[in-house]
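As a plain string of letters, each chain reads:
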Amino acid sequence: MNKSEYDILSERSKTYYNSSINIIGDLYDGINSANDDLEYTKIGFYADFDAYLQAVLLKVCSFADNFSFDNMKFIEDIAEYGKLIDGTDLTLFADCVKDMRETLLEKADERLKEIPVSFKLAGAVDVKNGGYITKKMFDNIIRIAFILKSADKNANLKDNSDISTIVKPLFKFMSVNSIIEK
């Protein structure tokens with residue numbers, strides 16, 4: 001992917017990312033104003049979301065078996081507050097050997113088993129107020145994952161079962177808790 005393509009995809013993704021970060025910030029401010037002994041800081045909420053998003057994106061790469069430098073840079077650059085693996089630059093995993101990829105993907109799988117705290121809080125607010133903020137954050141993750149997938153010229157963009165599989169636990173959380181229609 002040439003620099004201008006990367007910049008366009010990165011910019012589009014940042015729009016969706018910033019939308020979710022703004023939602024999380026508003027959630028935090030609303031909850032913090034009513035309860036000042038929260039376990040997480042605002043940055044902690046953001047970092048938790050970032051780690052989850054990076055895990056999703058790494059799994060997109062694993063389905064395509066494409067751990068190119070551009071993909072790893074995309075995943076590294078999208079997160080502003082936290083990382084899947086603290087202190088690790090994901091671009092170091094570009095085109096790495098299978099053992100290193102497997103270690104990275106184990107971390108991603110572990111992270112994907114946990115629903116981000118921001119989604120749990122958004123879900124609680126949505127259930128109470130009949131809102132849609134959880135779905136908006138979910139849609140943003142899907143869009144970012146699709147943008148990364150679309151960067152691969154060989155990707156089948158009509159079959160998104162890979163992305164559906166990756167976010168299935170999050171979708172199930174939303175369904176079980178009546179945050180979205182089942």
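Everything numeric in this text was worked out from a predicted model, so none of it was measured.

Caption draft 1: Expanded view of the environment of Leu58. Among the secondary structure elements, Leu58 is positioned in helix H2 (residues 42–64). Judged by its relative accessible area of 0%, Leu58 is buried. In the structure, Leu58 is positioned 14 residues away from Met72 in sequence and 8.1 Å away in space, judged by C-alpha atoms.

Caption draft 2: Seen up close, the packing of aromatic side chains. One pass over the structure, following the stated rule, counts four aromatic pairs. An angle of 45° between the planes, with centres 6.2 Å apart, marks the rings of Tyr17 and Phe49 as tilted. Within this pair, whereas Tyr17 is found in helix H1 (residues 3–34), its partner Phe49 is found in helix H2, the two being separated by 32 residues in sequence. Taken together, a centroid distance of 6.1 Å and an interplanar angle of 45° make the contact between Phe138 and Phe171 tilted.

Caption draft 3: Layout of the pattern of salt bridges. For the structure on display, the rule yields 11 salt bridges. The partner of Lys59 in a salt bridge is Asp109, with the nearest N and O atoms 2.9 Å apart. Here Lys59 is found in helix H2, whereas its partner Asp109 is found in helix H4 (residues 98–112), with 50 residues between them in sequence. For Asp109, a relative accessible area of 32% corresponds to the partly exposed category. Between Asp162 and Lys149 there is a salt bridge, with the nearest N and O atoms lying 3.0 Å from each other. In this pair, Asp162 sits in helix H7 (residues 161–176) while Lys149 sits in helix H6 (residues 133–150), placing the two residues 13 residues apart along the sequence. A single network of salt bridges, built from pairs that share partners, joins Asp48, Arg111 and Glu114.

The rules behind the values
Residues numbered from 1 in each chain as written. Predicted model: local features only at pLDDT ≥ 70, side-chain atom pairs only at ≥ 80, totals over all residues. Heavy atoms only, no water. Helix = DSSP H or I, 4+ residues; strand = E, 2+ residues; numbered from the N terminus. Buried < 20%, exposed > 50% of the residue type's maximum accessible area, 1.4 Å probe, protein only. Phe/Tyr/Trp six-rings, centres within 6.5 Å; stacked < 30°, edge-to-face > 60°. Salt bridge = Lys/Arg side-chain N within 4 Å of Asp/Glu carboxyl O.

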